[in-house]
Amino acid sequence: MLTVCVSALLAGAAASALLGRRPAAAAAASLSGLALGCAAGLAAALGFAGPSAVDAAWPLPMGRLALSLDGLSSLFLFAVLAVCLAAGVYGEGYLRRSPGLAGSRSVRPLFLTLTAALAVVVCAGNAILFLFAWEVMALASFFLIMAEDEHAATRRAGLLYMVCTHTATLALFLLFALLARSTGTLDFAGIRAALPSGGRLPSAALALGFIGFGMKAGLAPLHIWLQEAHPAAPSHVSAVLSGVVIKVGIYGFMRLVWMLGAVPESWAWAFILAGAVSGVGGVLFALAQHDLKRLLAYHSVENIGIIALGLGLGCLGLSHRRVDLAVVGFSGAALHTLNHALFKSLLFLGSGVFAQELGTRDIEAGGGLLKRMPWTSAFSLVAAAAISGVPPFNGFISEWLVYMAAASARAPGEVGFGAAAVGALALIGGLALACFTKAYGALCLGQPRTEAARGARDPGPAMLVPMGALAAACVLIGLWPGPAVALAGRAAAVVCGVSPEAAARALAAPAAGAALIGRLGAGVLALAALLALWRSRLVVGRAAAGPTWGCGFPLTGAGAQYTASSFAQPLARAFAPVLATQAHAAAPAGYWPRAASYATHTPDRVLDGMLLPAGAGASFSLTWVKARLHSRLQYYMLLVSLCLLSLLFWKL
Amino acid sequence: METLTAAAAFAAMALVVPHVLLGLVNKTKAAVGGRRGPPVLQTLYDVRKLLGKGAVYSTTTTWMFRLGPVVGLAATLAAATLVPLGAVPLVAFEGDAILFAYLFALARFVTVTAALDTGSSFEGMGSSREVAFSSLAEPALILTFASLAHQAGSLSLGGMFSPPTGVHSAASTVLAVGSLFIVLLAENSRLPVDDPNTHLELTMVHEVMVLDHGGPDLAFILHGAALKLTLMAVLLVRLVMPVVPGLGAWGTAALGLCGAAVAIGLVESTMARLRLVHVPQLLVASVCAAAFGLLLNLR
């Protein structure tokens, strides 16, 4: 079934590339390839298709074409294919509606190649195949980000992505070289069986994995490419980038932990610290953004932080040999990965429609879209509530699992980890709610602020149906979490190296709690429906319409509404030392002021605040040295002799 | 029989007790101010009157505006099922404390989106303050829960808030009580964070978010707010009060709630509202108290 999945996707890619001149035929070829491939892959991931391992020789040294599905791969394959299917179907409608992309011949084949590469990455059983698919994935997503390369910002984002992804690949090459040197094989199962326990190897491997996988996942402070690349890409590609490409980094971590079998306690600390920094930092920087897709990109950093908190608690359980803690922690991380894939891709798909209708990604240009685009706005509301972590949606279930893992870290020497994770999660939860009420309120509620917002309309069903399916999945997992928790439990069982039955036993109490939460959530919805029914009885014939009460103030037009920046101002002020927001103000002057403006801009702390200045400084000083060297021969000879002398002393 | 008692207790807590509590707070404020004050059940009469009225819906609003009050009240009622009033709560499971905090987040989410749906700048202002303050109050609440959960060995409200056998003197409990009290005042828009009696929209937080709601919608919102105050007061009472001999669990709870009402009323009578920029400092202080209490527990 895996072979069918990958070959159908690749055949679709080839066919849509060959038919590139005729967009209708290319669309049909790519859609049928995508549908067939995803159907086969989803059937395999959910276990309907029986065992589906592939193992064939490959003429590359130490390489084998080995694909297999265990609990961990199944969960990620499910997330990859579900999101890619929804985004691909939506993408057809999106391409038709974008003037810059409608004639593109490369987007469809690249999208299918990306899907196939993602499927191979999460099922690969051999490091060479893994790295090969990883590079195909990186290059396909690079070309997809660059789809609209007529914009300078897109080219800049593409270059940054290229640099980051290859830094990550370099670290992964080193990682697998290290593992191969001490085990003599590049098969994942072989590495796991032959790895000597103890020593410095696990720490070195985890450090390299932290760079390689953390850069891909967008864990702070390695997140620098996300907030540039996600806005630059076409929206259905952003959905896949944020929904699944960064999750492959999480998969890599989990597979690495599975191979190592044991994790030093210090790395549990590292994950929890990185998770807390990513989570809180990501949501704070999201609060300060006006660009919808940039805001969503920072929320990916935040959610990767939540996942890293779960991973850290799981690693703590492994290092302390507490199977229950490890299973609950890894299950929380795995389930949040799946949930984030669903609601974040839904948010990006929605953002694509909003940006097309408004002609800009600036949320301040929206307003009142819930009236004008009822379906897109309603689906985005589900996603916004889910990512804010409120019940009865899926985001709460996985955050609650991470809370449960933190609460079960009770033994002395563990509670510190749990307390740190609980504090970070609580702060993230409140701030995420603030950020999404801000973005949703500015875009979809109130009165339209621009002409474009006044004339905005929903797209056709081809784009609405995928969004509706993702929204339904978010609600379904929130109300009936059993199957999703079980899926996450099987993934956690693989990472912890215990049998699925043992993992299910360790997860029994949290799973029962999650089921109760689902039932209470359904109760809340039913009660709200009853109250609404009662209200409609009470006010029947007595409900009148009128303008919004302006507190006696006559100027109540669209321009007098609270903006997103004003909405975020109290929190931006409270966290000003972290954000370092730059304000550009032109105050009204004179007795009859005409023009005044105020704009804020929050650059990234790591990229714009540290890396770019450091790079500019290095470039400046080296240019200075170069200019001196080439001015006189004597300087050059001095340098050569200094080099030789230092080499001599080093060898002495 | 036990189920019947529990159901009756829940109905009383959900319907009447919140208004008695508010009435006692108002009576206390009146007594300190030298007035006679409104009847104890005045807010219940208000709610009944509002239920009989019609409603005016702004033409700017959508179904989001009508969703707010009903989901808000439904979420608060669901939170009430998790709280132990006299004996055990209706629903209890390991981890229900987190659900309790997040059900309030759901109520906040729909209240804020309903307020933004009106397009009024005043309601936007109130929503902005509400989310800013509660994103700091939420860590304080959850860290307090974590500290109590560590003491009790369980993350269920029933276990964490089982009545103490004697008067607690442990420093961590004192910190938890202090932190919980500040969260109670902030989350329920009481002084010194928000003035429930203010008449100037520019200074309001919670009241200004519901300016456009009227009739049954306002009745749901007022009842939900009273219920939320009661739920948090019940938790505070369970934390401080040992079972008074001769009164039993129910009598102790009733006595404790009266005490909580008097305490809130005294705070409101003796304090002025803080400047808005100083409210986050108060909330951060409460987060610090909660975190310090947790640290003391971790020794």
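Residues numbered from 1 in each chain as written. Chains lettered and ligands numbered in written order. Predicted model: local features only at pLDDT ≥ 70, side-chain atom pairs only at ≥ 80, totals over all residues. Heavy atoms only, no water.

1. Topic: the overall build of chain B
Along the backbone of chain B there are 12 helices and one strand. Across chain B, helices and strands are ordered from the amino to the carboxyl terminus as α-α-α-β-α-α-α-α-α-α-α-α-α. Whereas a compact globule of 299 residues would reach a radius of gyration of roughly 19 Å, chain B reaches 19 Å, a difference of no more than 12%. Taking the principal axes of its C-alpha atoms as reference, chain B extends roughly 55 × 45 × 45 Å. Across the 299 residues that make up chain B, the buried fraction comes to 60%. (Helix = DSSP H or I, 4+ residues; strand = E, 2+ residues; numbered from the N terminus. Rg over C-alpha atoms; globule rule 2.2 N^0.38 Å. Buried < 20%, exposed > 50% of the residue type's maximum accessible area, 1.4 Å probe, protein only.)

2. With respect to the overall build of chain A
Each helix and strand in chain A was counted, giving 26 helices and five strands. For 652 residues, the compact-globule estimate of 2.2 N^0.38 gives 26 Å, and chain A sits close to it at 26 Å. When its C-alpha atoms are laid out on the principal axes, chain A stretches across 90 × 75 × 65 Å. Across the 652 residues in chain A, those meeting the buried criterion constitute 58%. Within chain A, contacts between residues separated by at least 24 positions form 79% of all contacts whose residues are at least 6 apart in sequence. (Contact = heavy atoms within 4.5 Å.)

3. A few points about the packing of aromatic side chains
Enumeration over the complete set of coordinates arrives at 27 aromatic pairs over all chains. Judged by centre distance (5.8 Å) and plane angle (35°), the rings of A:W534 and B:F220 are tilted. Placement of A:W534 in helix α22 (residues 508-538) and of B:F220 in helix α10 (residues 216-240) is noted, with the two residues assigned to different chains. Judged by relative accessible area, A:W534 falls into the partly exposed class, the value being 41%. Exposure remark for B:F220: the relative accessible area of 3% places this residue in the buried category. (Phe/Tyr/Trp six-rings, centres within 6.5 Å; stacked < 30°, edge-to-face > 60°.)

4. With respect to the environment of A:P23
By the secondary structure assignment, A:P23 is in helix α2 (residues 23-45). Between the C-alpha atoms of A:P23 and A:L186, which are 163 residues apart in sequence, the distance is 42 Å.

5. A word on a nonpolar patch on the surface
A cluster of nonpolar residues, A:L633, A:Y636, A:M637, A:V640, A:L644, A:L647 and A:W650, forms a patch on the protein surface that exposes about 820 Å² of accessible area. For A:Y636, the location among the structural elements is in helix α26 (residues 633-651). (Patch = residues over 30% accessible without salt bridge, like charges linked within 9 Å, V, L, I, M, F, W, Y side chains within 5 Å. Areas by Shrake-Rupley, 256 points an atom, 1.4 Å probe, with all protein chains shown as cover. Salt bridge = Lys/Arg side-chain N within 4 Å of Asp/Glu carboxyl O.)

6. Some details on the layout of surface pockets
Residue and element names in this part refer to chain B. In this structure, the largest pocket spans a volume of roughly 1200 Å³. Looking at the lining of the largest pocket, the elements with two or more residues in it are α2 (17-33), α3 (42-51), α4 (63-80), α5 (96-117), α9 (206-209) and α10. Of the residues assigned to the lining of the largest pocket, the class counts are 22 nonpolar, 17 polar and nine charged. (1 Å grid on protein atoms, 1.4 Å probe; cavity = no way out; pocket = protein on both sides within 12 Å on 5 of 7 lines; lining within 4 Å. Points joined across faces, edges and corners; volume = space filled by probe spheres on them. Nonpolar A, V, L, I, M, F, W, Y, C, P; charged D, E, K, R; others polar.)

7. Observations concerning empty space enclosed by the protein
Space left empty within the atom packing is revealed by a probe, the size of a water molecule, rolled over the atoms. Counted according to the given criterion, the structure contains nine cavities of 30 Å³ or more. Lining the largest cavity are 18 residues; nearest its centre among them are A:A406, A:A407, A:V422, B:A146 and B:A149. Sorting the residues of the lining of the largest cavity by element identifies α16 (394-408) and α17 (415-444) of chain A together with α6 (121-152) and α12 (279-298) of chain B as the ones contributing at least two each. No other element matches the five residues that α6(B) contributes to the lining of the largest cavity. Per-class residue counts for the lining of the largest cavity are 15 nonpolar, two polar and one charged.

8. Some words on the pairing of strand β2 (residues 64-67) of chain A
Residues and elements named next belong to chain A. Pairing geometry for strand β1 (residues 54-57) and β2, over four bridges, is antiparallel. Bridge assignment links A56 to a residue of β2, and that residue is L65. From the end of β1 to the start of β2, which pair antiparallel, there are six residues, and M62 there has a positive phi angle of about 60°. (Pairing = 2+ DSSP bridges.)

9. Let's talk about the interface of chain A and chain B
Interface size is often expressed as the accessible area that is lost when the parts come together. In this assembly, 70 residues from chain A lie in contact with 73 residues from chain B. Here chain A meets chain B over a buried area of about 5900 Å², counting both sides, of which 75% is carbon and sulfur. There are one salt bridge connecting chain A and chain B. A:R535 serves as the salt-bridge partner of B:D217, at 2.5 Å between the closest nitrogen and oxygen. For the pair chain A and chain B, the number of links is 20 residue pairs in polar contact (both at pLDDT 80 or more). Of all the elements in the fold, those that place two or more residues in the side of chain A that touches chain B are α14 (369-372), α15 (374-387), α16, α17, α22, β3 (543-546) and α23 (564-574) of chain A. Looking at which element gives the most residues to the side of chain A that touches chain B, the answer is α17(A), with 16 residues. (Buried area = accessible area lost by both parts, 1.4 Å probe. Polar contact = N/O pair within 3.5 Å; in protein donor to acceptor, adjacent residues only side chain to side chain.)

10. Notes on the packing of helix α5 (residues 127-145) of chain A against helix α8 (residues 201-217) of chain A
Residue and element names in this part refer to chain A. Their axes nearest at 14 Å, the elements α5 and α8 cross at an angle of 35°. Seen from above, α5 lies across α8 with left-handed handedness. Residue-level contacts link F130, W134, M137 and A138 of α5 to G212, F213 and K216 of α8. Its residues assigned to classes, the contact of α5 with α8 comprises five nonpolar, one polar and one charged. (Axes fitted to C-alpha atoms, helices over the stretch in contact; angles between N-to-C directions. Left-handed = near helix turned anticlockwise from the far one by under 90°.)

11. Quick notes on the nonpolar core
A:L118, A:F130, A:M254, A:F330, B:F100 and B:L157 are the most contacted members of the largest nonpolar core, which totals 321 residues. Counting residues per element, this core draws most heavily on α17(A), which supplies 20 residues. The next biggest cluster of nonpolar side chains, apart from the first, holds five residues, and it includes A:C551, B:F122, B:M125 and B:V208. (Core = buried A, V, L, I, M, F, W, Y, C linked by side-chain atoms within 4.5 Å.)

12. Let's talk about the domain arrangement of chain A
Assigned domains of chain A: these are domain 1 (265-525) and domain 2 (608-651). Distance from the C-alpha centre of domain 1 of chain A to the C-alpha centre of domain 2 of chain A: 48 Å. (Domains from an automatic or database assignment.)

13. Points about unusual backbone geometry
All names here are of chain A. Residues A220 and P221 are joined by a peptide bond in cis, for which omega reads 5°. Of note, P221 is situated in the loop between α8 and α9 (226-232). In this model, P391 is joined to P392 through a cis peptide bond whose omega is 5°. Along the polypeptide, P392 turns up in the loop between α15 and α16. Here R321, not a glycine, exhibits a phi torsion of approximately 55°, which is positive. Within the secondary structure layout, R321 lies in the loop between α12 (292-319) and α13 (323-358). We classify R321 as exposed; its relative accessible area is 73%. Although it is not a glycine, A580 sits at a positive phi angle of roughly 50°. The residue A580 is located in the loop between α24 (576-579) and β4 (582-586) in this model.

14. Re the confidence of the model for chain B
When pLDDT is low, close inspection of the predicted coordinates is not appropriate. Residues and elements named next belong to chain B. With 96% of its residues at a pLDDT of 70 or more, chain B has an overall mean of 86. Per-element averaging of pLDDT across chain B places helix α1 (residues 2-15) at the bottom with 79 and α5 at the top with 94. Overall fold confidence (pTM) sits at 0.93, and the ipTM for the predicted complex is 0.93. (pLDDT = per-residue confidence, 0-100.)

15. Here we look at the packing of α22(A) against α10(B)
Where α22(A) meets α10(B), the axes come as close as 10 Å, and the angle between the chain directions of the two elements is 140°. With respect to their mutual orientation, α22(A) and α10(B) come out oblique. Along its contact with α22(A), which presents A:L531, A:W534, A:R535 and A:L538, the element α10(B) presents B:P216, B:D217 and B:F220. Broken down by class, the residue content of the contact of α22(A) with α10(B) amounts to five nonpolar, no polar and two charged. (Parallel < 35°, antiparallel > 145°, perpendicular 65-115°, else oblique.)

16. Comments concerning the environment of B:V193
Residues and elements named next belong to chain B. Along the polypeptide, V193 turns up in the loop between α8 (171-187) and α9. With a relative accessible area of 2%, V193 lands in the buried category. Between the C-alpha atom of V193 and that of R275, which follows or precedes it by 82 residues, the distance is 8.3 Å. For V193, the residues in contact, after removing those within four places along its chain, are F133, A186, R273, V279 and L282.

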